[in-house]
Amino acid sequence: PELVDVPHASASSRLPAWVQRLALPLQRPSQQARDHSTGLYDRAGLFDVAAEAIRLQRPDMRLSMIVVEFSDLHEVFEIYGSTVARKVVARIVRRLRSIAGWRGLVGRTGVAQFTIVLPGTAQKKACEAVRRVLGEPARVEYDTGDSEIVLVPHVIVDVIEPGAESIQPAHREMCIELTRTQKDEQRRLRWLASERERHSQPMSLPAED
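**Regarding the packing of helix 4 (residues 73–80) against helix 5 (residues 82–100)**
- Relative to each other, helix 4 and helix 5 sit at 150 degrees, their axes nearing to 7 Å. Taken together, the axes of helix 4 and helix 5 are roughly antiparallel relative to one another. Listed contacts from helix 5 to Leu73, Val76, Phe77 and Tyr80 of helix 4 are Ser82, Val84, Ala85, Val88, Val89 and Ile92.
- Per-class residue counts for the contact of helix 4 with helix 5 are nine nonpolar, one polar and no charged.

Laid out in structure tokens, this is it:
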């Protein structure tokens, strides 16, 4: 489902009071807080509106955060061009908004990085939402007509404990962990490539007596 501006009165009247308060001011980014290429919150805008979400929710409630890094997105631009790349990004945005649901917050926090904030959501539920929308392993597919593009993002999910005033410290730690994971993956792929190369080299025949 896409983000909506404000729930209908008949629906909102059945929601808890804290959800109604949270829904009204946070659904649409202001022009100053928007990433113009996607319509999502930009980095600063997401941090600001997430701080407001923390302030509005009950003190005993947790807030889950999902950071999704599409490190191979730049290759789509280089190989397929900007027109296809924009369509791929649009599909990514739709998937992430589906994970967020109507009360979640989605921001573009880097060139190829997106962050979802889920107020009042446990980490297990956040992981289930990722698997439901992106599959397992996580991926986003786009058919160009001539070929199929498959992007496999790095995803990390964490929970913001009650009492936090901002998501920024947790977001910074999650980004560090993502970078570490990506470097480990790159080292693993380089090692596998070197092993394949080593085993594919022709062996010299033993000299005849």
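**A word on the nonpolar core**
- By size, the foremost hydrophobic cluster in this structure holds 31 residues, and its most contacted members are Ile66, Val88, Ile92 and Ile99.
- Elements that contribute at least two residues to this core include exactly strand 1 (63–69), helix 4, helix 5, strand 3 (113–119), helix 6 (123–134), strand 4 (140–143) and strand 5 (148–151).
- Looking at this core element by element, the count peaks at nine residues for helix 5.
- Val88 has contacts with Leu73, Val76, Tyr142, Ile149 and Leu151, leaving out every residue within four places of it along the chain.
- In terms of nonpolar packing, the next biggest core, distinct from the first, is built from 18 residues, Tyr41, Leu63, Met65 and Val67 among them.

**A word on the pairing of strand 4**
- The alternating pattern of strand 4 places Val140 and Tyr142 on a buried face, while none of Glu141 and Asp143, on the opposite face, is buried.
- Bridging between strand 4 and strand 5 involves four bridges; their strand directions are antiparallel. Note that in strand 5 the partner of Tyr142 across the bridge is Ile149.
- The hairpin formed by strand 4 and strand 5 contains four residues between the paired strands, and Gly145 there has a positive phi angle of roughly 105 degrees.

**Here we look at the sheet that holds strand 6 (residues 154–160)**
- If you walk across this open sheet you meet the four strands as 2-3-1-6, and the pairing is antiparallel. At either end of the open sheet lies a strand with only one pairing partner, and these are strand 2 (105–108) and strand 6. The mean angle between the axes of side-by-side strands here comes to 15 degrees, regardless of whether they run parallel or antiparallel.
- Two elements, strand 1 and strand 6, share seven bridges in a ladder whose sense is antiparallel. Its bridge partner being in strand 6, Val68 is matched across the sheet by Val155.
- Against the sheet, helix 3 (residues 43–56) engages strand 1, strand 2 and strand 3, with an angle of about 160 degrees to strand 2.

**Notes on the confidence of the model for the chain**
- Looking at the chain, the pLDDT average stands at 79 and 74% of residues meet or exceed 70.
- Per-residue pLDDT stays below 50 along residues 1–27; that stretch engages in 46 contacts with residues further than four places along the chain or on separate chains.

**Structural notes on the pattern of salt bridges**
- Tallying each qualifying case throughout the model produces five salt bridges.
- Two residues, Arg55 and Glu52, come together in a salt bridge whose shortest N-O distance is 3.9 Å. Residue Arg55 and its partner Glu52 are both found in helix 3; the two are separated by three residues, about one turn of the helix.
- The exposure class assigned to Arg55 is exposed, which follows from its relative accessible area of 59%.
- Looking at Glu52, the relative accessible area reads 24%, which means it is partly exposed.

**Overview of the environment of Leu40**
- If you trace the backbone, Leu40 turns up in the loop between helix 2 (17–26) and helix 3.
- Accessibility expressed as a relative area gives 2% for Leu40, which makes it buried.

Calculation notes
Residues numbered from 1 in each chain as written. Predicted model: local features only at pLDDT ≥ 70, side-chain atom pairs only at ≥ 80, totals over all residues. Heavy atoms only, no water. Axes fitted to C-alpha atoms, helices over the stretch in contact; angles between N-to-C directions. Helix = DSSP H or I, 4+ residues; strand = E, 2+ residues; numbered from the N terminus. Parallel < 35°, antiparallel > 145°, perpendicular 65-115°, else oblique. Contact = heavy atoms within 4.5 Å. Nonpolar A, V, L, I, M, F, W, Y, C, P; charged D, E, K, R; others polar. Core = buried A, V, L, I, M, F, W, Y, C linked by side-chain atoms within 4.5 Å. Buried < 20%, exposed > 50% of the residue type's maximum accessible area, 1.4 Å probe, protein only. Pairing = 2+ DSSP bridges. pLDDT = per-residue confidence, 0-100. Salt bridge = Lys/Arg side-chain N within 4 Å of Asp/Glu carboxyl O.

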